[in-house]
Amino acid sequence: MSFTIAKSGDVTVVEVEGQLIVGNRQELKQRVLEELDHGERHFLIDFSRTGYIDSSGLGVLVSLSKKIRELGGELRLANLNDDLRTLFELTKLDTLFQIADSRERALESF
Amino acid sequence: MSFTIAKSGDVTVVEVEGQLIVGNRQELKQRVLEELDHGERHFLIDFSRTGYIDSSGLGVLVSLSKKIRELGGELRLANLNDDLRTLFELTKLDTLFQIADSRERALESF
Amino acid sequence: MRVALELEVPSEVAQIERVVARVVATCADLQVPERQRQFNVPLALTEALSNAILYGNAERADRHVTVRAGMADHALVLEVADEGPGFDLDACTRDPTAPENLEREDGRGLFLMRRLMDRVERYNAAGNVVRMVLELP
Amino acid sequence: MRVALELEVPSEVAQIERVVARVVATCADLQVPERQRQFNVPLALTEALSNAILYGNAERADRHVTVRAGMADHALVLEVADEGPGFDLDACTRDPTAPENLEREDGRGLFLMRRLMDRVERYNAAGNVVRMVLELP
Ligand SMILES: Nc1ncnc2c1ncn2[C@@H]1O[C@H](COP(=O)(O)OP(=O)(O)O)[C@@H](O)[C@H]1O
Ligand SMILES: Nc1ncnc2c1ncn2[C@@H]1O[C@H](COP(=O)(O)OP(=O)(O)O)[C@@H](O)[C@H]1O
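Residues numbered from 1 in each chain as written. Chains lettered and ligands numbered in written order. Predicted model: local features only at pLDDT ≥ 70, side-chain atom pairs only at ≥ 80, totals over all residues. Heavy atoms only, no water.

Caption draft 1: Focus on the pairing of strand E4 (residues 119-122) of chain D. Residue and element names in this part refer to chain D. Where E4 lies against strand E5 (residues 129-135), four bridges are found, and the strand directions are antiparallel. If you follow Arg-122 over to E5, its bridge partner there is Val-130. If you look at the hairpin formed by E4 and E5, you'll find six residues sitting between the two strands, and Gly-127 has a positive phi there, around 85 degrees. (Pairing = 2+ DSSP bridges. Helix = DSSP H or I, 4+ residues; strand = E, 2+ residues; numbered from the N terminus.)

Okay, structure coming up:
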């Protein structure tokens, strides 16, 4: 996995490339927490280039989302392919996250 | 494996494509014996498109060569790659067969 | 033709992707349909491997994880064995979709394995071999 | 990572090419050098398989041949097991280059296996498992 972080207005956009799994999820967590430390509050994770996300990757998303919310911010997700959407549905995490079809839609609604 | 048979003057040229192994050597044997039945006496087997030859493939070549010689004919081989040449050397069958570097050379010398 | 692949790796989560890639390649050979091959199998296997490495072997360097992937009677069978004490698969499977669990960070692994594969079972008495079966068309 | 492939096929010579192709593909994964992969391994394996099918199993439909291919200590290990009575590898190996054998049609299989691989040995007491080892750089 590798990821890139960019700003779009006051939203921090993270793009995840490859699998988000137990061996690499900490990297992502660390970087998002740093941004949070620096005062960022609006986060969007774009999964258009993501293969799959394992349970520990999901766990990281859940814990980040909680932390961000506690600080008055918000974490949104975008561009889940069919398989990833199934994954969020299976685990009912689709009820916990705001999931947008495209990056633009997700950005609009912050 | 597949093979093609063509005439070049009074030489019957057989080209072997793929592996000459236990599962298919009978086909080759049969066809050459038919040509021998029809009166053909000069045979050239071209191995430029052959992968490898197993011991039963070598056995067929030995027995065909013997039969052809008994009837006053000759079997020559051409275009052995390095691996096939090694195979003939390992088994000393290079001493039993006339092996030419090219089809032209083999044809010349009949 | 019956085909089985056996892999043995040290107890490091960094090994997971290589193992998964190799099993997925074998699944292609075995003509496992694309979606199962690209999603169900790698994800279920990743879960089983990370449990074997983290819980079963406690990431101890002297312990290994063995994976067997094979075809039997129109089903893909994956076995993941660790050198740990074993565990009770049923007792450890939680429902992460229950309201009290939904915001937990952990506890989705066994649940996902069971949703992604047709059967997930303890394969040996000790309980340190997990066997997952995916029926194929 | 230790990798092993196990294949089981019915006793038909027509199966040989498929088995060999699959083992050769695994050799590529295992980074066996090209020449060995394209020549020594497929040829030695073809010999062992045809012996297992023709002599060991006598082409009986109820008997199978099992092949294991794997990597151990920088060596490629191939095992071919049949369900026959076994045989004495050393006693059966002839020298096909001896003048009296040179024009024989048969008797080059075991000789070639031994020339193409670094070690060829009976693996079990019964003698119906042949193990071939190729040392890798
Ligand atoms: N191979 C294993 N060896 C020992 N215990 C295991 C093994 N796999 C799973 N477990 C136990 O099952 C529990 C639930 O696992 P899982 O559903 O994957 O969630 P998580 O890994 O997030 O805890 C683990 O916390 C662990 O106690
Ligand atoms: N798997 C086997 N089971 C029983 N006998 C075998 C087996 N492999 C080889 N043999 C015996 O060894 C002999 C020599 O084999 P080989 O050198 O391959 O030559 P060929 O197959 O041409 O006879 C065979 O004729 C057979 O009697």
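Caption draft 2: Structural context of the packing of aromatic side chains. In the structure shown here, the tally under the stated rule is two aromatic pairs over all chains. Here the aromatic rings of Phe-88 of chain B and Phe-97 of chain B are separated by 5.9 Å at their centres, their planes lie at 80 degrees, and the arrangement is edge-to-face. Judged by its relative accessible area of 6%, Phe-97 of chain B is buried. Seen from the ring of Phe-110 of chain A, Arg-76 of chain A lies directly overhead, with NZ or CZ sitting 4.1 Å from the centre. (Phe/Tyr/Trp six-rings, centres within 6.5 Å; stacked < 30°, edge-to-face > 60°. Buried < 20%, exposed > 50% of the residue type's maximum accessible area, 1.4 Å probe, protein only. Lys NZ or Arg CZ within 6 Å of the ring centre and 35° of its normal.)

Caption draft 3: Expanded view of the sheet that holds strand E1 (residues 2-10) of chain C. Across the sheet, ten strands lie side by side as E4(C)-E5(C)-E3(C)-E2(C)-E1(C)-E1(D)-E2(D)-E3(D)-E5(D)-E4(D); this open sheet has antiparallel pairing. Single-partner strands in this sheet number two, and they are strand E4 (119-122) of chain C together with E4 of chain D. Mean inter-strand twist for the sheet, computed between neighbouring axes without regard to direction, equals 15 degrees. Along the sheet face, helix H1 (residues 16-29) of chain C touches E1, strand E2 (64-72) and strand E3 (75-81) of chain C together with strand E1 (2-10) of chain D and points at about 175 degrees away from the line of E1 of chain C. Across the sheet, helix H1 (residues 16-29) of chain D lies against E1 of chain C together with E1, strand E2 (64-72) and strand E3 (75-81) of chain D, angled at about 175 degrees from E1 of chain D, the strand it touches most. (Axes fitted to C-alpha atoms, helices over the stretch in contact; angles between N-to-C directions. Contact = heavy atoms within 4.5 Å.)

Caption draft 4: Focus on the site of ligand 2. All names here are of chain D. For ligand 2, the full set of nearby residues is Asn-51, Ala-52, Tyr-55, Gly-56, Asp-82, Phe-87, Cys-92, Asp-106, Gly-107, Arg-108, Gly-109 and Leu-110. Leu-110 is positioned with one of its backbone polar atoms (N or O) 2.9 Å from an oxygen atom of ligand 2. Look at ligand 2: alone it shows 540 Å² of surface, and the protein chains cover 81% of it. Of all the secondary-structure elements, those providing two or more residues to the shell around ligand 2 are helix H2 (34-56) and helix H4 (109-116). Looking at the shell around ligand 2, the element that brings in the most residues is H2, giving four residues. (Near = heavy atom within 4 Å. Polar contact = N/O pair within 3.5 Å; in protein donor to acceptor, adjacent residues only side chain to side chain. Areas by Shrake-Rupley, 256 points an atom, 1.4 Å probe, with all protein chains shown as cover.)

Caption draft 5: Spotlight on the interface of chain B and chain D. At the junction of the two partners, chain B supplies 29 residues and chain D supplies 25 residues. Interface area, chain B with chain D, both sides summed: about 2,100 Å², of which 63% is carbon and sulfur. Considering only the surface of chain B that becomes buried against chain D, Tyr-52, Asp-83 and Leu-90 of chain B emerge as the three largest contributors, covering 28% of it. Put simply, chain B and chain D have three salt bridges between them. Two residues, Lys-29 of chain B and Glu-105 of chain D, come together in a salt bridge whose shortest N-O distance is 3.7 Å. Inspection of the chain B/chain D interface yields five residue pairs in polar contact (both at pLDDT 80 or more). Counting only elements with at least two residues in the side of chain B that touches chain D, the list comes to strand E4 (50-53), helix H2 (55-70) and helix H3 (82-90) of chain B. The element that contributes the greatest number of residues to the side of chain B that touches chain D is H2 of chain B, accounting for eight residues. Across the side of chain B that touches chain D, the residue classes break down as 13 nonpolar, nine polar and seven charged. (Buried area = accessible area lost by both parts, 1.4 Å probe. Salt bridge = Lys/Arg side-chain N within 4 Å of Asp/Glu carboxyl O. Nonpolar A, V, L, I, M, F, W, Y, C, P; charged D, E, K, R; others polar.)

Caption draft 6: Local environment of the pairing of strand E5 (residues 74-78) of chain B. Residues and elements named next belong to chain B. Of all five residues making up E5, four are buried, and the element is well covered by its neighbours. As paired strands, strand E3 (residues 42-46) and E5 are joined by five bridges and run parallel to one another. Its bridge partner being in E5, Phe-43 is matched across the sheet by Leu-75. Examined bridge by bridge, E5 and strand E6 (residues 98-100) share three bridges and lie parallel to one another. Across the sheet, Ala-78 pairs through a bridge with Ala-100, a residue of E6.

Caption draft 7: Seen up close, the pattern of salt bridges. Going through the model one piece at a time under the given rule, you end up with 48 salt bridges over all chains. In this structure, Arg-105 of chain B and Asp-101 of chain B form a salt bridge, with 3.9 Å as the shortest nitrogen-oxygen distance. We classify Asp-101 of chain B as exposed; its relative accessible area is 52%. Through salt bridges with shared partners, a single ionic network connects Lys-7, Arg-31, Glu-34, Glu-35 and Glu-40 of chain A.

Caption draft 8: Highlighting the interface of chain A and chain C. Taken residue by residue, the interface counts 29 residues in chain A and 25 residues in chain C. Here chain A and chain C share an interface that buries about 2,100 Å² over both sides, 63% of which is from carbon and sulfur atoms. Area buried by chain A at its contact with chain C is led by Tyr-52, Asp-83 and Leu-90 of chain A, which between them contribute 28% of it. Across the chain A-chain C interface, the total number found is three salt bridges. Salt-bridge contacts for Arg-35 of chain C lead to Asp-83 of chain A; the nearest nitrogen and oxygen are separated by 2.5 Å. Where chain A packs against chain C, one counts five residue pairs in polar contact (both at pLDDT 80 or more). Every element with two or more residues in the side of chain A that touches chain C is listed here: strand E4 (50-53), helix H2 (55-70) and helix H3 (82-90) of chain A. With eight residues, the single largest contributor to the side of chain A that touches chain C is H2 of chain A. In terms of residue class, the side of chain A that touches chain C is made up of 13 nonpolar, nine polar and seven charged.

Function cannot be inferred from these measures alone, as they are strictly geometric.
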